[in-house]
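Here is how the chains run, residue by residue.
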Amino acid sequence: MPNWAIHLIVPLLALLITGKKEDYKYILLLLPLAILPDLDTFVTQHRALLHNIFIPLILLASGWIIREKRTLFVIAAIYTGSHVILDMFSGGVVLFYPLYDKITYVDISLRMSQANDLIWTFDYGFAEYGKNWMNAYGYITDSAGTGAMAFILLAVICAVYRNRIMGHE
Ligand SMILES: [Zn+2]
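These numbers were taken from a predicted model, which means no experiment stands behind them.

A.B. asks: Give me the lowdown on the nonpolar core, citing residues and values where you can.
C.D. replies: Core analysis: the biggest nonpolar cluster contains 19 residues, and Leu30, Ile75, Ala76, Ala77, Ile78 and Tyr79 have the highest contact counts within it. At the level of secondary structure, the elements contributing two or more residues to this core comprise helix 1 (4-18), helix 3 (54-65) and helix 4 (70-88). Sorting elements by how many residues they give to this core places helix 4 first, with seven residues. Sequence-distant contacts of Ile78, that is, excluding residues within four places in its chain, are made with Pro11 and Leu15. Counting ten residues, the second largest nonpolar core, distinct from the first, contains Ala48, Met88, Val93 and Trp133.

Okay, structure coming up:
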């Protein structure tokens, strides 16, 4: 399970760089959607139920239909979609759940072996959706992730506090 901090920072940064200033409100308010797919950890069918391509697609379609709320739906689609993509690079997701029950994965990595050789991996494809995924064993957040999230939370508190003080000036 990858870091929630990565799931939060990557799309947030992308949206803050590309987004318009008047959309910042939505970008911050919808941020929890970036980790929402991991709620399926607590049910069953982890990396499948909420980790598929259809949820961002439905959000995009909704934005296409409901024009006045388009920005909101597009941002929501980016948050949920980025989660699915990042997980695809980190073990894999059942991308086409419930239509096709295989894990779609991408593995591109560069490692240093004990003999100081560079090991370059480039692999992608479909794999069996095993019991380990289904039952979501393992970390919900690892220690580095918790530290990073505490840091982000502190930054948000500072931002809110600063705005409040500036608001009173
Ligand atoms: Zn996930």
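A.B. asks: Describe unusual backbone geometry, with residues and values.
C.D. replies: A cis amide bond, omega 0°, links Tyr97 with the succeeding residue Pro98. Residue position: Pro98 is located in the loop between helix 4 and strand 1 (103-112). In the Ramachandran plot, Arg47 falls in the positive-phi region, its phi being about 65° despite a non-glycine side chain. By the element assignment, Arg47 lies in the loop between helix 2 (24-29) and helix 3. Residue class for Arg47 comes out buried when judged on the 27 C-beta atoms lying within 10 Å of it.

A.B. asks: Could you give an account of the packing of helix 1 against helix 4, with specific residues and numbers?
C.D. replies: At a minimum axis separation of 10 Å, helix 1 and helix 4 run at an interaxial angle of 135°. Classified by the interaxial angle, the pair formed by helix 1 and helix 4 is oblique. The handedness of the crossing between helix 1 and helix 4 is right-handed. Every residue of helix 4 that contacts helix 1 at Ile6, His7, Val10, Pro11 and Leu15 is listed here: Ile75, Ile78, Tyr79, Ser82, His83 and Leu86. Residue composition of the contact of helix 1 with helix 4, grouped by class: eight nonpolar, three polar and no charged.

A.B. asks: With reference to specific residues and values, describe helix 1.
C.D. replies: Taking 1.5 Å per residue as the helical rise, helix 1 with its 15 residues ought to reach 21 Å, and the 22 Å between its terminal C-alpha atoms agrees with that figure. Where helix 1 is concerned, the buried positions are Trp4, Ala5, His7, Leu8, Pro11, Leu12 and Leu15. The arc that holds the buried residues of helix 1, viewed along the axis, is 165°, so those residues lie on one side. In helix 1, those exposed residues whose orientation departs by more than 90 degrees from the buried face are Leu13, Ile17 and Thr18.

A.B. asks: Break down helix 3 for me, citing the residues and quoting the values.
C.D. replies: Here helix 3 is twelve residues long and its end C-alpha atoms lie 16 Å apart, about the 16 Å a rise of 1.5 Å per residue gives. Within helix 3 the residues assigned to the buried category are Ile55, Pro56 and Leu59. Along the axis of helix 3, the buried residues cluster in a sector spanning 100°; they form a single face. Away from the buried face of helix 3 by more than 90 degrees, exposed residues Trp64 and Ile65 are located. For helix 3, the secondary structure elements touched by its buried residues are helix 4.

A.B. asks: Lay out the pairing of strand 1 in plain terms, naming residues and giving numbers.
C.D. replies: Note: strand 1 against strand 2 (residues 118-127), ten bridges, orientation antiparallel. Across the sheet, the residue bridging to Asp107 is Asp123, located in strand 2. Counting the residues in the hairpin turn of strand 1 and strand 2 gives five residues, including Asn116, whose phi is positive at 60°.

The rules we used
Residues numbered from 1 in each chain as written. Predicted model: local features only at pLDDT ≥ 70, side-chain atom pairs only at ≥ 80, totals over all residues. Core = buried A, V, L, I, M, F, W, Y, C linked by C-beta atoms within 7 Å. Buried ≥ 20, exposed ≤ 12 C-beta atoms within 10 Å, placed from the backbone. Helix = DSSP H or I, 4+ residues; strand = E, 2+ residues; numbered from the N terminus. Contact = placed C-beta atoms within 7 Å. Axes fitted to C-alpha atoms, helices over the stretch in contact; angles between N-to-C directions. Parallel < 35°, antiparallel > 145°, perpendicular 65-115°, else oblique. Left-handed = near helix turned anticlockwise from the far one by under 90°. Nonpolar A, V, L, I, M, F, W, Y, C, P; charged D, E, K, R; others polar. Expected span 1.5 Å × (residues − 1). Arc of directions from axis to C-beta. Pairing = 2+ DSSP bridges.

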